[in-house]
Amino acid sequence: MEPLTRPQAIIDFCLAPLSLQPGSEGETETRRRLEHVLRTLQGKLARPVAVDFSTMPSQVINEAAHGYE
């Protein structure tokens, strides 16, 4: 996987596992907020932020502790 630099590509990758209804109010608001955060961060760094999800360590969630949803 190549590093992602475009805010929309990063958002698409992060929201994919949630299976949100496309165009729903929640999905639209989540995208708006995430895009604002990414653009603000990129503006402050004066260079594009690249996210390489292939190097992210996996996380294990203890469902017994957090609920089986």
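Remember, predicted model here, so these are calculated numbers, not experimental data. (Residues numbered from 1 in each chain as written. Predicted model: local features only at pLDDT ≥ 70, side-chain atom pairs only at ≥ 80, totals over all residues. Heavy atoms only, no water.)

### With respect to the overall build of the protein chain
Reasoning step 1: Along the backbone of the protein chain there are three helices and zero strands.
Reasoning step 2: In sequence order, the secondary structure elements of the protein chain are arranged as α-α-α.
Reasoning step 3: Put simply, the protein chain has 69 residues, and 16% of those count as buried.
Reasoning step 4: Of the contacts made within the protein chain by residues no fewer than 6 positions apart, 64% connect residues no fewer than 24 positions apart.
Reasoning step 5: Element-wise, carbon and sulfur atoms account for 56% of the exposed surface of the protein chain, whose accessible area totals about 5,700 Å². (Helix = DSSP H or I, 4+ residues; strand = E, 2+ residues; numbered from the N terminus. Buried < 20%, exposed > 50% of the residue type's maximum accessible area, 1.4 Å probe, protein only. Contact = heavy atoms within 4.5 Å. Areas by Shrake-Rupley, 256 points an atom, 1.4 Å probe, with all protein chains shown as cover.)

### Considering the packing of aromatic side chains
Reasoning step 1: A full pass over the atoms with the stated rule returns one aromatic pair.
Reasoning step 2: Ring geometry for Phe13 against Phe53: centres 4.2 Å apart, planes inclined by 25°, an arrangement best described as stacked. One end of the pair, Phe13, is in helix α1 (residues 7-15); the other, Phe53, is in the loop between α2 (25-45) and α3 (63-66), with 40 residues separating them in the sequence.
Reasoning step 3: Phe53 sits in the buried class, given a relative accessible area of 14%. (Phe/Tyr/Trp six-rings, centres within 6.5 Å; stacked < 30°, edge-to-face > 60°.)

### Topic: the nonpolar core
When a protein is soluble and globular, its nonpolar side chains tend to lie buried together.
Reasoning step 1: If you look at the biggest cluster of nonpolar residues, it comprises seven residues: Leu4, Ala9, Ile10, Ile11, Leu15, Leu38 and Phe53.
Reasoning step 2: Counting residues per element, this core draws most heavily on α1, at four residues.
Reasoning step 3: The contact partners of Leu38, leaving out residues within four places of it in the chain, are Pro7, Ile10 and Ile11. (Core = buried A, V, L, I, M, F, W, Y, C linked by side-chain atoms within 4.5 Å.)

### Comments concerning the packing of α1 against α2
Reasoning step 1: Where α1 contacts α2, the two axes come as close as 10 Å, and the packing angle between them is 135°. It follows from the interaxial angle that α1 and α2 lie oblique. With respect to the hand of their crossing, α1 and α2 are arranged in right-handed fashion. Residues Pro7, Gln8, Ile10, Ile11, Asp12 and Leu15 of α1 touch α2, and the partners they reach there are Thr30, Arg31, Leu34, Glu35, Leu38, Arg39 and Gln42.
Reasoning step 2: Classifying every residue of the contact of α1 with α2 by side-chain character gives six nonpolar, three polar and four charged. (Axes fitted to C-alpha atoms, helices over the stretch in contact; angles between N-to-C directions. Parallel < 35°, antiparallel > 145°, perpendicular 65-115°, else oblique. Left-handed = near helix turned anticlockwise from the far one by under 90°. Nonpolar A, V, L, I, M, F, W, Y, C, P; charged D, E, K, R; others polar.)

### Some points on the environment of Met1
Reasoning step 1: Residue position: Met1 is located in the segment before α1.
Reasoning step 2: Taking the C-alpha atoms as reference points, Met1 and Asp52, 51 residues apart in sequence, are found 7.4 Å from one another.
Reasoning step 3: Residues within four places of Met1 in sequence aside, it is in contact with Phe13, Asp52, Phe53 and Ser54.

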